[in-house]
Amino acid sequence: MTPKRTAPVGPRATVIGSGSWGTTFGKILADGGAQVTMWARRPELAQEINEAKRNSRYLPGINLPRTMSATHELATSLEGVEQVYLSVPSQSLRENLKALRPLLADSDAKIISLMKGVERGTGLRMSQVIHQELRCDPDRIAVASGPNLALEIAREQPTAAVISSRSQETADTVARAARNSYFRTFVNTDVIGTEFGGVLKNLIAVAIGIVDGVGYGENTKASIITRGLVEMTDFAVANGAHPETLQGLAGLGDLIATCQSPLSRNNTAGRLLGQGYSFQDVVKQMQQTAEGLASVAPILQLAREAEVDMPIVEQVKMVLDGKMDPRDIAPHLTTDDDTPQGERTNHGQADGGGALRRALQRAFDQFRNGGGRAGRD
Ligand SMILES: NC(=O)C1=CN([C@@H]2O[C@H](COP(=O)(O)OP(=O)(O)OC[C@H]3O[C@@H](n4cnc5c(N)ncnc54)[C@H](O)[C@@H]3O)[C@@H](O)[C@H]2O)C=CC1
Ligand SMILES: O=C(CO)COP(=O)(O)O
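Everything numeric here is computed off the predicted structure, so don't read it as measured data.

Cut-offs and rules
- Residues numbered from 1 in each chain as written.
- Chains lettered and ligands numbered in written order.
- Predicted model: local features only at pLDDT ≥ 70, side-chain atom pairs only at ≥ 80, totals over all residues.
- Heavy atoms only, no water.
- Buried < 20%, exposed > 50% of the residue type's maximum accessible area, 1.4 Å probe, protein only.
- Helix = DSSP H or I, 4+ residues; strand = E, 2+ residues; numbered from the N terminus.
- Pairing = 2+ DSSP bridges.
- Axes fitted to C-alpha atoms, helices over the stretch in contact; angles between N-to-C directions.
- Parallel < 35°, antiparallel > 145°, perpendicular 65-115°, else oblique.
- Left-handed = near helix turned anticlockwise from the far one by under 90°.
- Contact = heavy atoms within 4.5 Å.
- Nonpolar A, V, L, I, M, F, W, Y, C, P; charged D, E, K, R; others polar.
- Near = heavy atom within 4 Å.
- Polar contact = N/O pair within 3.5 Å; in protein donor to acceptor, adjacent residues only side chain to side chain.
- Areas by Shrake-Rupley, 256 points an atom, 1.4 Å probe, with all protein chains shown as cover.
- 1 Å grid on protein atoms, 1.4 Å probe; cavity = no way out; pocket = protein on both sides within 12 Å on 5 of 7 lines; lining within 4 Å.
- Sits in = over half its atoms within 2 Å of the grid points.
- Phe/Tyr/Trp six-rings, centres within 6.5 Å; stacked < 30°, edge-to-face > 60°.
- pLDDT = per-residue confidence, 0-100.

So, about the pairing of strand β6 (residues 141-145). Within a regular strand, the side chains alternate between the two sheet faces. For β6, a buried count of 5 out of 5 residues is recorded, marking the element as mostly surrounded by other parts of the structure. Because side chains alternate across β6, one face comprises the buried residues Ile141, Val143 and Ser145, and the other comprises Ala142 and Ala144, equally buried. Taken together, the 3 bridges between strand β5 (residues 110-113) and β6 define a ladder with parallel strand orientation. Bridged to serine 113 within β6 is valine 143. Of the pairings in the sheet, the one linking β6 to strand β7 (residues 159-165) comprises 4 bridges and is antiparallel in character. Bridging across to β7, serine 145 finds its partner in valine 162.

Next comes the structure, spelled out in structure tokens:
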């Protein structure tokens, strides 16, 4: 495999946030030929990236491309930028955008979210927070998601991802920049499904971690993954996603990767909870971002508003709140009805098919009006 290029020929790209995923994505872009500048909060990290071509805290053992540079000056990082990639913890996005806004006021750069959380308090997806704070044309915004454990990709293991934007042209442009010999990007225009896939699989990965920590085996895990995908689909579809997006890389694909891998921070956080550590202990022990912990409450609030049942996510919340013994976690809660919805129909719609019906109606209306979608993953 020969991903390296000597001289950058692609777009000028800036990555805001030099943690594990931001730095890995910077490497993906640079190996694809983009001229990449990393913005790091800490000057010493910017210096390490510039001089040693390393990010030893977040990506130990990885050599970064020689063409990649870094700065801790926000304004410098954005000079002449054509694509801005955002990779900070979701709960800090809004404050970061406030600093970015004046610097991007005259720019028509594309803005791409690499994050997999929703904002506490508002329940907004990251692309919605970006739109609110930058007040830019939504067609300039894209999101990236998929089974993308940073360290595996930094080691150049072949991986696929989805780039999604309301605008097909934006999705295509970003997908071209974020593509190289070990990273393959597909496009779609279902931003809602793509973003929620990444957020929701984190919550199921926490549940799987809990099960691992308790010491339960593969049957319990397979049951939770399968029922978890049903919950993810029901929730996302009720909130406007296309159901097939959840069957693709940004849904099922990411769910498998995150639930299976000890590299996953959400999975790790769950494992600690399953071993009996309290939520506070887990937060103290986590050195990196585990988005699922902050997304549980806003997701359950949105689920209540959309009248979607999420029994597994409810149980994760109860374990986090110390209100449920991790050993009691199960693929579904006991309900009045002996048969959980979905196993009867094999579709898994918690509302008896209403969400799927509404989604199909939407898709039908879209095609009838000359819409339609391209580039499925
Ligand atoms: N690590 C992974 O494998 C993947 C992560 N993601 C997503 O990428 C996003 C970023 O996660 P990671 O890079 O993994 O996290 P990380 O914990 O490795 O790095 C977070 C970075 O943000 C910085 N940071 C922390 N608080 C900040 C603030 N208030 N303002 C600005 N910067 C701040 C940290 O210094 C660090 O550089 C998350 O939403 C995560 O879900 C998505 C795909 C893969
Ligand atoms: O999103 C990821 C893989 O696709 C990374 O998962 P974690 O945030 O749980 O490490």
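Once the structure has been displayed, the description carries forward.
Next up on the list: the packing of helix α8 (residues 191-214) against helix α11 (residues 249-260). Viewed as axis vectors pointing N to C, α8 and α11 meet at an angle of 30 degrees, and their least axial separation amounts to 8 Å. As judged from the angle between their axes, α8 and α11 are roughly parallel. Of the two possible hands of crossing, α8 and α11 adopt the one that is right-handed. Note on element contacts: α11 touches α8 through Ala250, Gly251, Asp254, Leu255, Thr258 and Cys259, opposite Thr194, Gly197, Gly198, Lys201, Asn202, Ile204, Ala205 and Ile208. For the contact of α8 with α11, a count of residues per class yields 6 nonpolar, 6 polar and 2 charged.

Once that is clear, we can look at the site of ligand 2. Close to ligand 2 lie Lys116, Gly146, Pro147, Asn148, Leu149, Lys201, Asp254, Thr258, Leu263, Ser264, Arg265 and Asn266, which account for all nearby residues. Contact distances for ligand 2 include 2.6 Å between an oxygen atom and a side-chain N or O atom of aspartate 254. Considering ligand 2 on its own, with 310 Å² of exposed area, one finds that the protein chains cover 93% of that surface. Structurally, ligand 2 is housed in the largest pocket.

Right, let's get into the packing of aromatic side chains. Here the structure, examined in full by the defined rule, presents 4 aromatic pairs. Plain terms: the ring middles of phenylalanine 25 and phenylalanine 183 are 6.0 Å apart, the flat faces sit at 80 degrees to each other, and that makes the pair edge-to-face. Here phenylalanine 25 is found in helix α1 (residues 20-31), whereas its partner phenylalanine 183 is found in strand β8 (residues 183-188), with 158 residues between them in sequence. Residues phenylalanine 196 and phenylalanine 235 carry aromatic rings whose centres are separated by 4.9 Å and whose planes lie at 90 degrees to one another, so their mutual orientation is edge-to-face.

A few words now on the confidence of the model for the protein. On average, residues of the protein score 90 in pLDDT, and 86% of them are at 70 or above. Counted against residues more than four places away or in other chains, residues 344-360, with its pLDDT under 50, gives 26 contacts. Low pLDDT, under 50, characterises residues 367-376; the stretch is placed with 20 contacts to residues that sit more than four places away or in other chains. As scored by the predictor, the complex reaches a pTM of 0.91 and an ipTM of 0.99.

This next bit is on the side chain of glutamine 83. Along the polypeptide, glutamine 83 turns up in strand β4 (residues 83-86). Of note is the side chain of glutamine 83, whose polar atom sits 2.6 Å from the side chain of tyrosine 85. In this view, glutamine 83 contacts Pro11, Arg12, Ala13, Thr14, Ala109, Lys110, Ile112, Thr173, Val174 and Ala177; residues no more than four positions away in its chain are not counted.

What follows is about the sheet that holds β6. Spatially, 8 strands are ordered β3-β2-β1-β4-β5-β6-β7-β8 in an open sheet, and the strand pairing comes out mixed. What marks the edges here is a single partner per strand, and that holds for β3 (69-71) and β8. For this sheet, the mean angle separating the axes of adjacent strands, direction not counted, is 25 degrees. Of the pairings in the sheet, the one linking strand β2 (residues 35-39) to β3 comprises 3 bridges and is parallel in character. The residue bridging threonine 37 from the neighbouring strand is serine 69, located in β3. Sheet contacts for helix α2 (residues 43-52): β2 and β3; angle to β3, the most-contacted strand, approximately 160 degrees.

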